[in-house]
Amino acid sequence: MKKQAFYEIKRNQPLARDIFLMTLVGPMNFEPRPGQFINIKIDGFYLRRPISICSFDEDSMDIIYKIAGNGTDALSKMSPGQKLDVLCGLGNGFDLSLAEGRRIVLVGGGVGIPPLYGLGKALKAAGAEFTAVLGWQTHDQAFFIDEFSAICPTRVVTNDGGIGKKGVVTDILREISYDYYFTCGPEPMLKAVYDLGGNGQLSFEARMGCGFGACMGCSRKTLGGGSKRICMQGPVLRSDEVLFSWINLE
Amino acid sequence: MDKLGVTLSGWDLENPIIAASGTFGYGYEFASWYDINILGSISLKGTTREPRFGNPTPRIAECCGGMLNAIGLQSPGVESVISEEIPKLRSVFKKKVIANVAGFSVAEYVQVAALFDAVEEVALLEINVSCPNVESDGRVFGSTPESVALVCREIKKVVKKPVYMKLSPNVANITEIAQAAESAGADGLVLINTLLGMAVDPATGKPIVSTKVAGFSGPAIKPIALRVIYQVYPNVRIPIIGVGGITCADDVIEFISVGATAVQVGSQNLRDPCVGRDIINELPQKMDEYGIETLGGIVGRSHR
């Protein structure tokens, strides 16, 4: 459910180049689900910044974000003890039930990787077996390889070959056997995963106004002529409803 | 008259705070944030006759003191709004609403307005004239007194409910357009719609929003909205709903002082989903502080 509350920053530390891990302590009564996101108010910026939840427990949540502009830069300079006004419980999250009994692969690229960690923890708790395929452009952006390795077999790929295999995530996907995927990352990567075929769920990034369905700023066309608001009816869409050619359909 | 109550063309509102069209979805999206029945009313998302996806994304950009949007009238179409969205809203909101009517031809405006006119939950029709006239020169209807008057007159011929024209500030003389709307039979005005603006990525030089230029809204436009209402108020006899950058009770009092009868809260809903409730709770204290007994008593007091 959606809640607005203040959260105290417990840690805000660099994980890799331009990548930060922040732990927020506050009310966790919004029934969080893997794949959901929060929307953070940052002083001096009019719109909130939507950031996916990496993982959570009874009294805190971790987010991992990239400095992508002035807002996230300001966020990276905040200190433990400071408080943030946060909208929680946004988005649909992943539907684990659709993957039951399947050979699952988690496919993440860059800052699309964090929500897959929370998903992995939930899948492990449910007794599922799965593999993670994690990709970055360069080795200095990589993070959470040990964390993933602790919960599942983990394959790493970088465009520069600095860590893991040199290449892209689909190079690994062609080598392994799976029949259901959960993926989050940049649009070209999502499309490449989708184009390999099979069933799965894809989590999309979008430029949002509100984060909860009010402004229709992040609408995306879906298969069959309809559309979905990524913030409210996403960010996770099923592979049987996504459309990648939609921008060209205008 | 009670302390917060206001009346728009015979429609009594418990308070003057209305959620602005395009910033509040179909209303029910906010029911998980607070009990929206506290609001005076809600203006629904702008509605066209046919379903429309709207503009390509990105449709949103942030800027200093506000934001740009180019949603492009995403709409499921008027029939779906009436058969699906309004019933969903009715389950969480018991008051009457404002229907925001959009169109790309005079005939479309008239048809959408007529369909909403027959809906019990709709108290008032708000006509968004910031759409291009695709059957004429492609300029927005709101850009000339003649085209605003034409849309207004044709709608008034077929509807019974009050018609309020929501005017664009992107014109040379908005008072002239407001007077043309009044002469054409408008029951009221909604001032102002967004200002045309732009945001550019400094690294690439490319516009951020897909449509290049987009509607600018947020606290930064409040002085312009106040100025427009102040200029129009003495030149018309019909009521004005003020909108543009309102974020707090002081803003509401300022808008009413320059001539608004009621107000709409827009972009701030996207930043602070509970802002409507918070303003309503704050308003009586601010009125006491300034010695204001009723909001009806201070309409236009800046002119006295």
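Residues numbered from 1 in each chain as written. Chains lettered and ligands numbered in written order. Predicted model: local features only at pLDDT ≥ 70, side-chain atom pairs only at ≥ 80, totals over all residues. Heavy atoms only, no water.

1. Quick word on the sheet that holds strand β4 (residues 41-42) of chain B
Residues and elements named next belong to chain B. Taken together, the eight strands give an open sheet; going across it, the order is β4-β3-β14-β13-β10-β9-β8-β7, and neighbouring strands pair in parallel fashion. This sheet does not close on itself; its edge strands, each paired only once, are β4 and β7 (97-101). Across the face of the sheet, helix α3 (residues 145-158) comes into contact with β8 (122-128) and β9 (163-166) while running at roughly 160° to β9. (Pairing = 2+ DSSP bridges. Helix = DSSP H or I, 4+ residues; strand = E, 2+ residues; numbered from the N terminus. Contact = heavy atoms within 4.5 Å. Axes fitted to C-alpha atoms, helices over the stretch in contact; angles between N-to-C directions.)

2. Observations concerning the domain arrangement of chain A
Residue and element names in this part refer to chain A. Domain annotation of chain A identifies domain 1 (3-90) and domain 2 (96-205). Each of domain 1 and domain 2 has a C-alpha centre, and the two are 23 Å apart. The interface is formed by 13 residues belonging to domain 1 together with 14 residues belonging to domain 2. Counting the surface lost from both domain 1 and domain 2, the interface buries some 1200 Å², and carbon and sulfur atoms represent 67% of this. There are one salt bridge connecting domain 1 and domain 2. For Arg17, the salt bridge goes to Asp140, with nearest N and O atoms at 2.6 Å. Along the contact surface separating domain 1 from domain 2 lie three residue pairs in polar contact (both at pLDDT 80 or more). For the side of domain 1 that touches domain 2, the leading source of residues is strand β4 (residues 49-56), giving four residues. Broken down by class, the residue content of the side of domain 1 that touches domain 2 amounts to eight nonpolar, three polar and two charged. (Domains from an automatic or database assignment. Buried area = accessible area lost by both parts, 1.4 Å probe. Salt bridge = Lys/Arg side-chain N within 4 Å of Asp/Glu carboxyl O. Polar contact = N/O pair within 3.5 Å; in protein donor to acceptor, adjacent residues only side chain to side chain. Nonpolar A, V, L, I, M, F, W, Y, C, P; charged D, E, K, R; others polar.)

3. Examining the nonpolar core
Among the nonpolar cores identified, the biggest contains 143 residues, and Met165 and Leu189 of chain B are the most heavily contacted of them. Summarising the domain contributions, this core has at least three residues from each of domain 1 (3-90) and domain 2 (96-205) of chain A. Apart from the residues lying within four places of it in its own chain, the contact partners of Leu189 of chain B are Tyr164, Met165, Leu167, Ala178, Ala181, Val232, Val236, Ile238, Pro239, Ile240 and Ile241 of chain B. Grouped together as the second largest cluster of nonpolar side chains are 29 residues, Cys54, Ile64, Cys152 and Val236 of chain A included. (Core = buried A, V, L, I, M, F, W, Y, C linked by side-chain atoms within 4.5 Å. Buried < 20%, exposed > 50% of the residue type's maximum accessible area, 1.4 Å probe, protein only.)

4. Some details on the interface of chain B and chain A
In this complex, chain B contributes 37 residues to the contact, which on the side of chain A involves 31 residues. Looking only at chain B, the three residues that lose the most surface to chain A are Trp33, Glu62 and Arg271 of chain B, adding up to 28% of its buried area. Taken together, the links from chain B to chain A amount to four salt bridges. For Arg48 of chain A, the salt bridge identified is with Asp272 of chain B, shortest N-O distance 3.3 Å.

5. Points about the sheet that holds β4 of chain A
Residues and elements named next belong to chain A. Strand order around the closed barrel formed by six strands is β1-β2-β5-β4-β3-β6, with antiparallel pairing between neighbours. Going across the sheet, the axis of each strand differs from the next one's by a mean of 45°, ignoring polarity. With seven bridges joining them, strand β2 (residues 19-25) and strand β5 (residues 60-66) adopt antiparallel strand pairing. Bridging from a neighbouring strand, Val25 pairs with Ser60 of β5. The strands that helix α2 (residues 114-125) touches are β4 and β5; relative to β4, the one it contacts most, it runs at about 30°.

6. Description of helix α4 (residues 174-183) of chain B
Residue and element names in this part refer to chain B. α4 sits mainly inside the fold: seven of its ten residues count as buried. Residues of α4 that are buried include every one of Ile174, Thr175, Ile177, Ala178, Ala180, Ala181 and Glu182, and no others. Where the residues of α4 are buried, they touch α3, β9, β10 (188-191) and α5 (222-232). For α4, the side-chain oxygen to backbone nitrogen distance between the N-cap and Thr175 is 3.2 Å, and the N-cap itself is Asn173. One or two residues past the end of α4 sits Gly185, with phi positive at roughly 105°.

7. Section: the packing of α3 of chain B against α4 of chain B
All names here are of chain B. It is the contact of α3 with α4, at a shortest axis distance of 8 Å, that shows an interaxial angle of 25°. Accordingly, the angle class assigned to the pair α3 and α4 is roughly parallel. Crossing of α3 over α4 shows right-handed handedness. Contacts from Pro145, Val148, Ala149 and Cys152 in α3 reach Glu176, Ile177, Ala180 and Ala181 in α4. Of the residues contributing to the contact of α3 with α4, the split by class is seven nonpolar, no polar and one charged. (Parallel < 35°, antiparallel > 145°, perpendicular 65-115°, else oblique. Left-handed = near helix turned anticlockwise from the far one by under 90°.)

8. Description of the packing of aromatic side chains
Under the definition given, this model contains 13 aromatic pairs over all chains. Ring geometry for Phe143 of chain A versus Phe144 of chain A: centroids 6.2 Å apart, planes at 65°, classification edge-to-face. With relative accessibility at 4%, the residue Phe143 of chain A sits in the buried group. Residue Phe144 of chain A is classed as buried on the basis of its relative accessible area of 10%. Connected via pairs of aromatic rings, a cluster forms that spans Tyr117, Trp136, Phe143, Phe144 and Phe148 of chain A. Looking at Arg59 of chain B, its charged tip hangs above the ring of Phe53 of chain B, at a distance of 4.6 Å from the centre. (Phe/Tyr/Trp six-rings, centres within 6.5 Å; stacked < 30°, edge-to-face > 60°. Lys NZ or Arg CZ within 6 Å of the ring centre and 35° of its normal.)

9. Structural notes on unusual backbone geometry
Following Gly234 of chain A, the chain continues to Pro235 of chain A via a peptide bond in cis, the omega torsion being 5°. Residue Pro58 of chain B follows Thr57 of chain B across a cis peptide bond; omega there is -5°. Locating Pro58 of chain B in the fold gives a position in the loop between β4 and β5 (60-63). Unusually for a residue other than glycine, Asp18 of chain A sits at a positive phi of about 65°. Of note, Asp18 of chain A is situated in the loop between β1 (3-16) and β2. Of note in this structure, Leu73 of chain B is not a glycine but carries a positive phi near 55°. Position of Leu73 of chain B among the secondary structure elements: in the loop between β6 (66-69) and α1 (78-90).

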